[in-house]
Amino acid sequence: MACVGVGVLFFEFETVLTKQNYAVSAAKESDGVSGDATSAADGPRPAASSTSFPTKAPKCDRSFVSRPNAAQNGTFEAPLLSAPLKPNQTQSRQCIYTFIAGPRQRVELIFTAFALRGTPPECIHEYLDLYVEIRDSNVSDLINTPFGGRYCGPIAPRRRISLYRTLALGFFTDKNTTYPELFAGTYAFINDSDYEVGTPEPNTPCTFTVHTEVTRTGNILSPTYPGVYPKDLTCSYQFIGKPGQRIRLEFRDFDLFFGGPHCPFDYVKVYDGLTNESATIGTFCGQQRNLVLYSSESSLFVSFVTLQRTANTQNRGFKGIFEFSESFVKLDFISKNEGEHIRGSECDQKILSKKESEGAVYSPNYPFPYIPKIVCRYFIYGMQDMQHLERVRLSFDKFEIPRPPNKECTDGYLKIYLKGQETMDAYDKYDYEFCGDMLPPQVVSDGPRLVMVFSSGEVQGRGFKAKYKFETEYRIPGTPTPGGSCSFTYRSTSRKRGEFNSPRYPSNYPSGTNCTYIFIATPNEQVNIVFDHFKVRADAANTTYGSYGHYCQEDWLEIYNMYKDGTEKLVGRYCGVTAPGPVESNRGATGLKVLLHSDDDGVFSGFKARYMFEVAKSIFGDCGSNVSSQEFGVITSPNWPNNYEGPERGLASRTCNWYLSVRPRFRIVLHFESFAVEGDPQNRGCPAAVVRIWNGGEGPPLELCGEKLPQDRTQFTSENHVMRVTFISADKSVGAVGFRAVWTEVSGSPAGCDQFQCVKSGFCVSERLRCNGVDNCGSEDRSDETNCGAFASPVSCNTDSLVLLCGETEAPLEPLAMLGACVGGAGVLALALCVWCHRKRRRRRRQSRRRRLQRGSPGVGYRGSLAGSVAGSNMAPASLPPSLAGSLPASLAGSRRSMQHVCDHYASSVDSV
């Protein structure tokens with residue numbers, strides 16, 4: 001290859017290089033090549049650490065010029081440099097390769113070999129500089145020419161295409177000898193017309209206007225495609241069509257530097273209009289595949305921007321095709337039906353909810369046959385935010401997409417996506433695919449998104465017409481009430497157990513919402529509800545007793561027992577983190593109703609609960625009782641003082657109901673002597689176990705749980721003469737010690753107390769409860785059990801369901817009271833024996849009288865017969881309890897006839913009753 005040396009050119013270029021700090025180290029370096037081979041940083045040229053400068057070497061400069069009727073391509077290689085004349089003398093050298101194209105031509109450079117010393121970006125001893133933006137053939141002004149990058153190492157620079165007619169290489173080495181194998185490549189002078197997309201704007205490298213009158217189709221390329229595109233460049237392409245036309249732009253190769261999802265560095269930006277002030281279709285960078293864009297009307301504007309930066313990038317830009325056409329889909333079928341065309345698509349549309357709105361969607365050109373070979377997507381989106389969550393219901397009125405003979409939808413089809421597959425670009429995972437002329441079934445989205453993809457295929461049809469409706473989506477399992485309100489029904493006949501939750505759980509429930517949950521049992525069943533999570537907004541939460549009742553003013557949950565006559569009785573109102581205790585519907589109730597209310601302010605995560613329908617228990621539950629006509633009693637949890645247990649396996653709860661009743665105009669005082677039930681009213685409520693107290697009024701019961709009750713919550717007084725106490729442990733209960741409570745009948749008017757009046761509490765209790773070994777005056781008042789040494793009073797003995805009056809005793813302690821009860825029991829047995837004897841003797845007397853009458857014998861008197869019977873027997877004298885003997889006449893005691901007289905006395909009394 002001929003080498004053309006230009007001394008003046010080299011001298012001028014050497015001056016330029018000196019100005020650019022192209023100094024190199026004079027120190028000798030080994031000939032080895034080390035490190036990775038990539039280009040140096042594309043920023044300012046690195047300075048060297050030596051004061052020596054490259055020597056003039058005009059014989060190594062080369063120029064490659066395009067001439068008419070000459071070869072338009074060739075090869076190039078590194079110069080062959082020999083060692084200096086003097087031993088141990090080293091001198092750095094620099095060579096310039098210049099490539100000059102002809103008019104309307106550009107230079108294309110491809111490296112086929114590259115093995116320079118150095119490790120990028122530290123290219124100091126040997127490197128190659130590139131210049132691809134030289135405006136004219138004069139390379140003397142390279143200092144003002146944009147720098148194209150510095151390269152060393154074993155990896156060659158990528159393909160380069162000049163922006164204008166000239167391209168230059170600058171090779172530097174501080175080695176005495178070089179060989180052509182250091183670098184080599186091919187060059188070609190290519191036609192510049194491929195880069196003229198349309199009418200160029202004067203004095204700009206890449207700004208064009210494309211008119212449909214000039215060309216309807218063509219190519220669009222980045223300025224140096226497929227070579228590495230320059231930095232700090234702005235290009236624009238303006239497409240102007242006729243009215244009724246639309247423009248299609250398809251990028252078949254797209255490779256830009258990716259600086260992030262928002263493309264802050266290099267990017268292509270497409271506008272849906274005539275200028276860059278029009279609406280944006282999109283901003284693109286990185287690598288794109290199948291990027292096809294459509295204008296909405298007859299104009300389109302494309303901007304290509306690269307930024308000046310130091311980062312080394314070698315991306316090739318883009319190549320695409322454009323087309324003006326009147327045959328693209330007309331968009332009036334979208335706009336007239338309240339849809340919104342998705343900019344950049346041929347016929348995609350989105351329909352956004354206006355809060356429970358509805359409308360219709362059509363295939364393109366409906367009711368006329370649709371255009372073949374088009375694909376249109378319909379994005380129907382319900383509301384989804386802090387306040388709303390909707391789903392989409394779709395029903396078809398007309399449907400005609402021809403089905404091929406093979407019965408499969410291989411040509412035209414309509415695919416429906418119900419689960420938001422489009423967010424993951426999973427269009428192959430559709431839920432339904434329809435074609436033919438049969439009307440598809442109604443479908444409902446699983447969430448706020450429903451997407452349809454219509455592909456027309458080659459055979460035309462009339463398409464479809466469908467109606468959509470946005471409904472509030474609560475994401476609550478159960479049977480919703482028709483009409484879309486937040487109301488759900490759970491019937492035992494449909495399912496025996498399941499779950500339910502607040503709207504959108506575990507996300508926050510919406511504000512301004514009222515939801516109803518109705519649980520309907522069969523006549524022989526009860527409903528059980530257990531809460532597993534609970535967090536409902538409450539600004540005025542009670543930090544001691546939990547958030548119940550009047551503390552719940554903002555958001556709250558209420559539970560009711562429902563009855564056949566339509567009445568409802570409140571179980572409780574709950575809010576905050578105070579979860580309701582396990583709930584079991586009352587015997588005789590038809591079921592339970594749960595209400596969730598939220599106001600218009602902040603919201604929380606809500607609740608999650610389980611329901612179970614089970615065979616009805618007795619009115620007392622598993623372990624309760626009915627107690628009446630007594631003056632006091634003791635209630636304990638199951639197994640007390642050992643830990644109570646949860647229900648049997650497979651059951652929802654274990655329930656104990658105690659129904660307490662005293663005399664009218666009296667009240668009941670209940671106080672807990674010991675209390676330890678799972679739960680924490682302040683931090684989590686009573687979800688596993690709970691004690692509820694109905695104090696006889698119309699309001700809801702009190703709920704108790706926790707390791708220890710607050711001092712002012714250990715005693716409760718009924719509003720009238722009845723009280724109900726319930727203890728429920730759920731299936732998730734782990735057990736605790738439980739409780740022991742004492743209840744006492746007190747006078748409704750303590751001011752006129754004619755019995756014993758408690759010192760601290762002021763309660764008026766029966767005198768018989770004085771010194772009975774039980775604190776009947778309430779919490780922290782033991783005045784009824786003090787000064788009992790010399791006190792004698794009747795003792796009322798309670799054995800849970802049996803009350804006996806045991807007479808007088810001077811024993812103040814509970815064991816003596818029990819002894820009196822035993823003596824009284826013996827008297828009752830003696831009375832029963834007497835009754836039996838009396839009736840037996842009467843039968844014998846009647847039989848004897850009839851026999852005598854039949855024989856004609858004279859009768860014997862009642863007394864005589866009785867006396868003879870007793871006297872003739874071997875019966876020993878009766879031993880009567882002292883309390884019973886004391887109540888008999890002295891003449892009857894101690895004789896053989898005494899027992900018979902006692903029997904006669906009591907038997908006659910029983911017969912009279």
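Residues numbered from 1 in each chain as written. Predicted model: local features only at pLDDT ≥ 70, side-chain atom pairs only at ≥ 80, totals over all residues. Heavy atoms only, no water.

## With respect to unusual backbone geometry
Between tyrosine 225 and the following residue, proline 226, the backbone shows a cis peptide bond with an omega angle of 0°. Considering the arrangement of structural elements, one finds proline 226 in the loop between strand S12 (217-221) and strand S13 (233-240). For the peptide bond that leads from tyrosine 505 to proline 506, omega is 10°, which places it in the cis range. With respect to the helices and strands, proline 506 occurs in the loop between strand S32 (497-501) and strand S33 (514-520). Positive phi, close to 60°, is recorded for serine 629, a residue that is not glycine. For serine 629, the position within the fold is in the loop between strand S40 (625-628) and strand S41 (632-636). A relative accessible area of 67% means that serine 629 is categorised as exposed. (Helix = DSSP H or I, 4+ residues; strand = E, 2+ residues; numbered from the N terminus. Buried < 20%, exposed > 50% of the residue type's maximum accessible area, 1.4 Å probe, protein only.)

## Remarks on the sheet that holds strand S9 (residues 183-191)
If you walk across this open sheet you meet the 4 strands as S2-S9-S4-S7, and the pairing is antiparallel. Two strands lie at the open edges of the sheet, namely strand S2 (73-77) and strand S7 (160-161), each paired on one side alone. Looking at chain direction, strand S4 (residues 105-114) and S9 are connected through 9 bridges and run antiparallel. Looking at S9, one finds that leucine 109 is bridged to tyrosine 187. (Pairing = 2+ DSSP bridges.)

## Quick look at the state of the cysteines
In total, this model carries 13 disulfides according to the counting rule given. There is a disulfide in this structure between cysteine 263 and cysteine 285, and the S-S distance comes to 2.1 Å. Sign of the S-S torsion, about -80° for the bond between cysteine 263 and cysteine 285, identifies this disulfide as left-handed. Highlighted residues: cysteine 263 in the loop between strand S14 (246-255) and strand S15 (267-271) and cysteine 285 in the loop between strand S16 (280-284) and strand S17 (291-294), separated in sequence by 22 residues. (Disulfide = S-S within 2.5 Å.)

## Comments concerning the sheet that holds S16
Pairing within the open sheet is mixed, and its 6 strands lie in the order S10-S11-S13-S18-S15-S16. Both edges of this open sheet fall to strand S10 (199-200) and S16, since each of them pairs with a single strand only. Sheet analysis places S10 next to strand S11 (residues 207-211), joined by 2 bridges and oriented antiparallel. Residue pairing for S11: threonine 199 is matched across the bridge by threonine 209.

## Notes on the side chain of glutamate 703
Looking at the element boundaries, glutamate 703 is found in strand S45 (residues 702-704). Here glutamate 703 falls in the buried class, since its relative accessible area comes to 7%. A polar atom in the side chain of glutamate 703 sits 2.3 Å from the side chain of tyrosine 574. Side chain to side chain, glutamate 703 and arginine 692 meet in a polar contact 2.9 Å long. (Polar contact = N/O pair within 3.5 Å; in protein donor to acceptor, adjacent residues only side chain to side chain.)

## Observations regarding the pattern of salt bridges
Two side chains of opposite charge can pair, provided their charged atoms sit close to one another. Applying the stated rule across the entire model yields 37 salt bridges. For aspartate 599, the salt bridge identified is with arginine 537, shortest N-O distance 2.8 Å. With aspartate 599 in the loop between strand S38 (591-597) and strand S39 (606-615) and arginine 537 in the loop between strand S34 (525-535) and strand S35 (556-562), this residue pair connects regions lying 62 residues apart in the sequence. Lysine 593 is the salt-bridge partner of glutamate 568, the closest N and O atoms lying 2.7 Å from each other. Of this pair, glutamate 568 sits in strand S36 (residues 568-574) while lysine 593 sits in strand S38, placing them 25 residues apart in sequence. One network of salt bridges, in which partners are shared, links Arg537, Asp539, Asp555, Asp599 and Asp601. (Salt bridge = Lys/Arg side-chain N within 4 Å of Asp/Glu carboxyl O.)

## Here's the deal with the packing of aromatic side chains
On inspection of all chains with the given rule, the structure shows 61 aromatic pairs. Here phenylalanine 254 and phenylalanine 318 contribute two aromatic rings whose centre-to-centre distance is 6.3 Å and whose plane-to-plane angle is 20°, an arrangement assigned as stacked. Of this pair, phenylalanine 254 sits in strand S14 while phenylalanine 318 is found in strand S19 (residues 317-325), placing the two residues 64 residues apart along the sequence. Accessibility assignment for this pair places phenylalanine 254 and phenylalanine 318 in one class, buried. Clustering of aromatic rings is evident, with ring pairs tying together Tyr474, Phe488, Tyr490, Phe500, Tyr517, Phe519, Phe531, Phe534, Phe607, Tyr611 and Phe613. Directly above the aromatic system of tyrosine 195 lies the positively charged group of arginine 106, at a separation of 4.2 Å from the ring centroid. (Phe/Tyr/Trp six-rings, centres within 6.5 Å; stacked < 30°, edge-to-face > 60°. Lys NZ or Arg CZ within 6 Å of the ring centre and 35° of its normal.)

## Comments concerning the nonpolar core
Tyr517, Phe519, Ile529, Phe672 and Val691 are the most contacted members of the largest nonpolar core, which has 64 residues in total. Counting residues in each nonpolar core, the second largest holds 32 residues, with Val329, Cys347, Ile351 and Leu414 among its members. (Core = buried A, V, L, I, M, F, W, Y, C linked by side-chain atoms within 4.5 Å.)

## Points about the environment of arginine 62
Along the chain, arginine 62 falls in strand S1 (residues 62-65). We classify arginine 62 as buried; its relative accessible area is 12%. Considering only alpha carbons, one finds arginine 62 and phenylalanine 99, 37 residues apart in sequence, at a separation of 8.6 Å.

Function-wise, these values are silent; they only describe arrangement.
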